[in-house]
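Residues per chain are reported as follows:
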Amino acid sequence: MPGPNRRNRNQPRPKVNNPFKTLKRLLGIIFKRYKIHMLFVLICIVVSVLANVQGTLFIQSLIDDYITPMLSQPTPDFTPLLMAIVRVACFYLIGAGAAYAQAKIMVYVTQGTMKDLRSEIFSHMESLPIKYFDTHPHGDIMSVYTNDIDTLRQMISQSLVQVFNSVITIISTLASMIFLSIPLTGVTLVMVVVMLFITKNIAGKSGKYFVAQQNDLGTENGYIEEMMNGQKVVKVFNHEKKSIEEFKELNDKLFKSSYNANKFANILMPINAQIGNISYVLCGIIGGALALSGATGLTLGKLVSFLSFNKSFSQPINQVSQQFNSIIMALAGAERIFNLLDEKSEDDNGYVTLVNAKKENGKLVETNEHTGLWAWKHIHQATGEVEYKELQGALVMDDVDFGYTDDKIVLHNIDLYAKPGQKIAFVGSTGAGKTTITNLINRFYDIQDGKIRYDGINVNKIKKSDLRRSLGIVLQDTHLFTDTIMENIRYGRLDATDEEVIAAAKLANADSFIRRLPDGYNTVIKSDGGNLSQGQRQMLAIARAAVADPPALILDEATSSIDTRTEKMVQDSMDKLMQGRTTFVIAHRLSTVKNSDCIIVLEHGRIIERGTHDQLIEQKGRYYQLYTGKTA
Amino acid sequence: MIKTLSKHIKGYVRDSVITPLFMILEVIMETIVPFVMSSMIDDGINKGDMNHILLTGSIMALCAVLGLFGGTMGGIFGARASAGFAKNLRQAMFENIQSFAFANIDKYSTAGLVTRMTTDVTNLQNAYQMLLRICFRAPVSLICAMTMTFIINAKLASVYLIAIIFLGIILAFLITKTYKYFNKVFEKYDELNASVQENVTSIRVVKAFVREEHEIKKFDKAAYNLYKLFVKAENAMVSVSPIMMLTVYGSIIAVSWLGANMIVGSELTTGELTSMLTYCMNILMSLMMLAFIFVMLTMSLASARRVAGVLNEKSILTNPQNPDYNVENGSIDFENVYFSYNKTAEKPVLSDINLSIKSGETIGIIGGTGSSKTSLVNLIGRLYDVNEGCVKVGGKDVRSYDLETLRNEVAVVLQNNVLFSGTILDNMRWGNENATDEECINACKLAFADDFIQSFPEKYNTKIEQGGTNVSGGQKQRLCIARALLKKPKILILDDSTSAVDTSTDAKIRKAFRDEIPNTTKIIISQRISSVENADRIVVMDDGIINAVGTHDELVKSCDIYNEIYSAQTSGSGDFDQKGEL
């Protein structure tokens, strides 16, 4: 398969290049779609934080303001306490309610965003040019849908809320602390700076090893993949011991980086927790000294409150620093998602469309029925005049050059003339450029130089979807979809009836084997037709092209995996299918292309011979050589 | 399953035992801190006793240091134990897979095995680390805190006990409910991703048939269904944290009220009430932690099952008790052989095969797709075992030989052959580790690979990329043949191995075989008549049975199938390459 510069899949995933831009874009998406939702979420978070704070305040005042006074009363009056408890309980209920509402709304925000993003990614992906799929490993594309979306889900549903929550807590706590004692706030902040400094250092180390771990995992993954792919060869060559040894080396390396990465990640939490405790002790000692000296107006009561705030201050900071890693990971994922979304779609400036037509009084008229007659509808841009031109299937390539990348041209000076209804065959060894030429006809790729004309119209002017609809194609690699056989064949034309599908299957000689399957036409094909033989899959692909009933056909090694005997049977029906249609055939068996109107011999991206079978035999060139097995 | 996995802690048992101990140390320190803290407030700050503040402060600092020590050590040993566990699992899986017979290999896809060895093992590594570090921490913290509260005041402590039981029941209920939902979600999720995968690999078909809109509609519908399921599952979860909050708040209020009454009744001191309230959070947090671990562990169960599946898979081919280490000669006999890949299959893949091949003979095998040509030759190197009858090599049943010996003497060039990343010479030495450069070059000459290798700038040191993507199909096949030749086998099997080699080179290779290795038994499977027509005998396979055996001339006269293939191919015998690469 042609595919230039496939990227090595083992290289590490890139880091976030532009975290703030990505974050802004991500938040933009969420807030734009869920503005009101997010407003409610913010309110709910504030309410539940406040409910929690008033609870903490109540506990502090419980003893001093309610219990101690009661102790001094001869008959303790429980009414003030009861009132306070009822009040607190109400606030608590509101807080819990807000927390519930917040969580519930976030489910819809998170999942809604995920769904929209998924759909957007998918529909954008479908619009991307084939080149994108050539140049991006499929595993990487898949991981956008799985890993990247997953980390994003976690970030939106957990990190985002937690960071909000923490920020509000930090602000309110900080304000209270400053109000209580400025010097002690200073001590607390110094300890926070120490905490952040250590976090940054350790997280940096751990991050370095995590990258190393990712790399080692990638290398090991590649090795496993290679060995598993070649497992049968390993067995045949008794190579098991050697590969186990090689694997052990890689595995030991992975162990080391994985151990180090986790080690540093693990010690971060206990270190921070203990720094928090030390901050508490320091504040206790310094505050105690200050309070006893009475210099700064710090009373013992204020000190007690301050200490509890000190405790609840380091917690959210700890939490935010914990979330930091997952946010970075999610942003890296978001960046990959945005990269895919920013990928340029296949451009299509075509305005000539394909319509069903019928003849009325010798003139072409557009119709909605499937008449078997097609016309190009050409709306002149300048005058708005509509012109119809019958689709005949004439194709001309005029001095076409093409390369997958600009600096490496693989097809040179291709000239080609196909008259309507002709059968044109391409032959040549692997890599000569046969498939590439057909990929240019349906504009999977765009040419560097030259012109391609379809019925006299430059293919660039034809709307891509209509161009492709006019060309039935059986690709070299047969791909089937997870669905019934019936639906897989119907893929060629969605409104085909069951009868039409079965007729197409009969034409491709597939009917008999389909009927032998346990559920006949309703047998579900799994994992790209893994339960069918290569030959059977090709027959289904032929049926799929047949049901489309297209004006022109491209058959790229359509029968390469069907054995010679069966091929003979398919060949007759293929000939029937080709009748009256312009057909481009790529084949390796010369017998199947012998009756072509023109055979084109390609070598290294150039046409070296062309003509009918008889003409080429007479030329005694490359074709003759291969056909007869003799050297001229 | 757990038994299978736990075997692989080997080498890291010490770390696995030490980790929880350190974590327990950390927890104990954490439990002591609030205790000392309340003393600092009650007896130090409130009484203005600076000495007591300093004393409790230093105790707390000591606790912090000990806690730090426990926490870091636990972190370090936990990381080691879990990384080691993962390493052992991967190694054991890889080694076990190396022992697999072909029939075992057929069961798993490459992608499936890679996932098992990477993603699944990573899941288990994380789960194991959590098990060691948190699983012991949470219950110990719970027990410590509970003990403390009971020491302070048993009556008030019972409030917590009730709260724990209440929360426990609710969490258990919610978890089982959501677990069920999430299972469904993951199933749908996998399906969705499978369909994306399909679209990525089949993008050409989608585009060729202009089915983008159709696929997008299908995807949107599936994405919406997934959304609905996800919302359902997560909605069942959202009540967890509010319920948790309500329980905490409820306990605080209950303890405050009851505590106030007890203080008034002189059953409790104010300091004790403060400590009780501090432990409240400790208790409920650890309970939450336990629930979380439980969820995570159940989620890793699926991974554990998949990994254990590979570890427990036993190779169905084993070396005999007293293996034979000597293969006499290259003769092969099939005696009443029946074979099928699946023992329950109705129709065997091979039926009633009887065939004698003399040492040094060249045998061609021909037949349609699915006529079991490959299955037939795979039995010779004992890649699979027969169901009935026996296959003999050198006059002895293949099952009596040492597997390694047998496979060294029977070289198979597989149909779907693979080159490995490394230089050409590295690849050649798969055939014989100790081969000299000259021997490698000779083998390549014999397989007509030398010419094109010489045309590479780096010649024999040219790097082959993974899967051999930088050489053409025909070149790859010739390299594979050369690699097999280096084994100097008594039997050489070419399973459609020259399909991408052009006809004239193919003929030259066969001639070289005839001249250079006349004593090696050669079996050539091909779709091309020209590849087999000069063989001593040709076997025509049809639908799992031998249809005819004979020389080319005999078969042309007597065998319909052979004749049909022959006439189909002679009307255009040449081709550029039998199969397009990839």
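What counts, and at which threshold
Residues numbered from 1 in each chain as written. Chains lettered and ligands numbered in written order. Predicted model: local features only at pLDDT ≥ 70, side-chain atom pairs only at ≥ 80, totals over all residues. Heavy atoms only, no water. Helix = DSSP H or I, 4+ residues; strand = E, 2+ residues; numbered from the N terminus. Rg over C-alpha atoms; globule rule 2.2 N^0.38 Å. Buried < 20%, exposed > 50% of the residue type's maximum accessible area, 1.4 Å probe, protein only. Contact = heavy atoms within 4.5 Å. Areas by Shrake-Rupley, 256 points an atom, 1.4 Å probe, with all protein chains shown as cover. Lys, Arg positive; Asp, Glu negative; His and termini not counted. Charge placed at Lys NZ, Arg CZ, Asp CG, Glu CD. Arc of directions from axis to C-beta. Buried area = accessible area lost by both parts, 1.4 Å probe. Salt bridge = Lys/Arg side-chain N within 4 Å of Asp/Glu carboxyl O. Polar contact = N/O pair within 3.5 Å; in protein donor to acceptor, adjacent residues only side chain to side chain. Nonpolar A, V, L, I, M, F, W, Y, C, P; charged D, E, K, R; others polar. Pairing = 2+ DSSP bridges. Axes fitted to C-alpha atoms, helices over the stretch in contact; angles between N-to-C directions. Domains from an automatic or database assignment. Phe/Tyr/Trp six-rings, centres within 6.5 Å; stacked < 30°, edge-to-face > 60°. Patch = residues over 30% accessible without salt bridge, like charges linked within 9 Å, V, L, I, M, F, W, Y side chains within 5 Å. Parallel < 35°, antiparallel > 145°, perpendicular 65-115°, else oblique. Left-handed = near helix turned anticlockwise from the far one by under 90°.

What follows concerns the overall build of chain B. Regarding its fold elements, chain B presents 21 helices and 12 strands. In summary, chain B has a C-alpha radius of gyration of 36 Å against a globular reference of 25 Å for 582 residues, an excess of more than 25%. Dimensions along the principal axes, computed over C-alpha positions, put chain B at roughly 115 × 55 × 50 Å. Out of the 582 residues belonging to chain B, those deemed buried represent 57%. In chain B, the share of contacts with a sequence separation of at least 24, taken over all contacts with a separation of at least 6, comes to 76%. When the accessible surface of chain B is summed, it comes to about 24100 Å², and 58% of that surface belongs to carbon and sulfur atoms. Across chain B, the mean location of the 56 positive side-chain charges is 4 Å away from that of the 60 negative side-chain charges.

Summing up its helical and strand segments, chain A has 19 helices and 16 strands in all. Expected size for 632 residues packed as a compact globule is a radius of gyration near 26 Å; at 36 Å, chain A overshoots this value by more than 25%. By its C-alpha atoms, chain A is 125 × 70 × 55 Å across when sized along the principal axes. Taking the contacts inside chain A whose residues are at least 6 apart along the sequence as the reference set, 70% of them involve residues at least 24 apart. For chain A, the exposed area adds up to about 27900 Å²; of that, 56% sits on carbon and sulfur atoms. For chain A, the separation between the mean place of its 68 positive charges and that of its 63 negative charges on side chains is 4 Å.

Right, let's talk about unusual backbone geometry for a bit. Residues and elements named next belong to chain A. The residue Asp399 is not glycine, and still its phi comes out positive at about 50°. Structurally, Asp399 is set in strand 5 (residues 395–402). When its relative accessible area of 35% is taken as the criterion, Asp399 is described as partly exposed. Here the phi dihedral of Lys620 falls at roughly 55°; this positive angle occurs in a residue that is not glycine. With respect to the helices, strands and loops of the structure, Lys620 is situated in the loop between helix 18 (613–619) and helix 19 (622–628).

Our focus in this paragraph is helix 15 (residues 437–446) of chain B. Residue and element names in this part refer to chain B. Those residues of helix 15 that sit buried are Cys440, Ala443, Cys444 and Leu446. One side of helix 15 holds all its buried residues, which, seen down the axis, span an arc of 160°. The secondary structure elements touched by the buried residues of helix 15 are helix 14 (424–428), helix 16 (450–455), helix 17 (473–485) and helix 18 (503–516).

In this complex, chain B contributes 139 residues to the contact, which on the side of chain A involves 147 residues. Summing both partners gives a buried area of about 13700 Å² for chain B against chain A, and 67% of it is carried by carbon and sulfur. Scanning the region where chain B abuts chain A turns up 4 salt bridges. With a shortest N-O distance of 2.6 Å, Lys207(B) and Glu346(A) are connected by a salt bridge. Here chain B and chain A share 18 residue pairs in polar contact (both at pLDDT 80 or more) between them. No other element matches the 24 residues that helix 3 (residues 50–98) of chain B contributes to the side of chain B that touches chain A. Of the residues that constitute the side of chain B that touches chain A, the class distribution is 70 nonpolar, 43 polar and 26 charged.

Below, the discussion takes up the pairing of strand 2 (residues 363–366) of chain A. All names here are of chain A. Bridging between strand 1 (residues 353–360) and strand 2 involves 4 bridges; their strand directions are antiparallel. Across the sheet, the residue bridging to Lys358 is Val365, located in strand 2. Between strand 1 and strand 2, which pair antiparallel one after the other, the connecting turn spans 2 residues, and Asn361 there sits at a positive phi close to 50°.

Sheet strands associate in pairs through backbone hydrogen bonding, adopting either a parallel or an antiparallel arrangement. All names here are of chain A. Read across the sheet, 4 strands follow the order 6-5-8-9 without closing on themselves; strand pairing throughout is antiparallel. Taken across any chain shown, the strands that pair with only one partner, and hence form the sheet edges, are strand 6 (411–418) and strand 9 (457–458). Across the sheet, helix 10 (residues 434–441) is in contact with strand 5, strand 6 and strand 8 (449–454); its angle to strand 5 comes to roughly 115°.

Moving on, we come to the domain arrangement of chain B. Residues and elements named next belong to chain B. Domain boundaries in chain B define domain 1 (2–312) and domain 2 (317–409 + 491–499 + 528–571). At the junction of the two partners, domain 1 supplies 4 residues and domain 2 supplies 4 residues. For the pair domain 1 and domain 2, the summed buried surface comes to about 370 Å²; carbon and sulfur atoms form 65% of the total. Taken as a group, Ala101, Phe102 and Asp106 account for 84% of the area that domain 1 buries against domain 2, more than any other trio of residues on that side.

In this section: the packing of aromatic side chains. The way to describe two aromatic rings as a pair is by their centre distance and the angle between their planes. Residue and element names in this part refer to chain A. This structure, assessed with the given rule, holds 21 aromatic pairs over all chains. Both rings, one in Phe426 and one in Phe584, keep their centres 6.3 Å apart while their planes meet at 15°; by these two values the pair is stacked. Linking Phe426 in strand 7 (residues 423–427) with Phe584 in strand 14 (residues 582–586), this pair joins segments that are 158 residues apart in sequence. An identical accessibility class is assigned to Phe426 and Phe584; each is buried.

Right, let's get into the pattern of salt bridges. Inspection of every chain in the model, using the stated rule, returns 39 salt bridges over all chains. With a shortest N-O distance of 3.8 Å, Lys115(A) and Asp116(A) are connected by a salt bridge. For Arg399(B), the salt bridge is made with Asp397(B), and the minimal N-O distance between the two is 3.2 Å. Judged by relative accessible area, Arg399(B) falls into the partly exposed class, the value being 31%. Here the salt bridges share partners, and the residues they tie into one network are Glu346(A), Lys464(A), Arg468(A), Lys207(B) and Glu212(B).

A separate point is a positive patch on the surface. Residue and element names in this part refer to chain B. On the surface, Lys177, Lys180, Lys184, Lys228 and Lys232 cluster together into a patch of positive charge. Put simply, the parts of the chain that give the positive patch at least two residues each are helix 7 (154–201) and helix 9 (212–238). Take Lys184: it is sitting in helix 7.

Attention now moves to the packing of helix 2 (residues 35–72) of chain A against helix 11 (residues 270–312) of chain B. Direction vectors running N to C along helix 2 of chain A and helix 11 of chain B enclose 160°, while the axes themselves pass 10 Å from each other. As far as their axial angle goes, helix 11 of chain B and helix 2 of chain A are roughly antiparallel. For helix 2 of chain A against helix 11 of chain B, the interelement crossing comes out right-handed. Listed contacts from helix 11 of chain B to Ile59(A), Leu62(A), Ile63(A) and Ile67(A) of helix 2 of chain A are Thr270(B), Leu273(B), Thr274(B) and Leu277(B).

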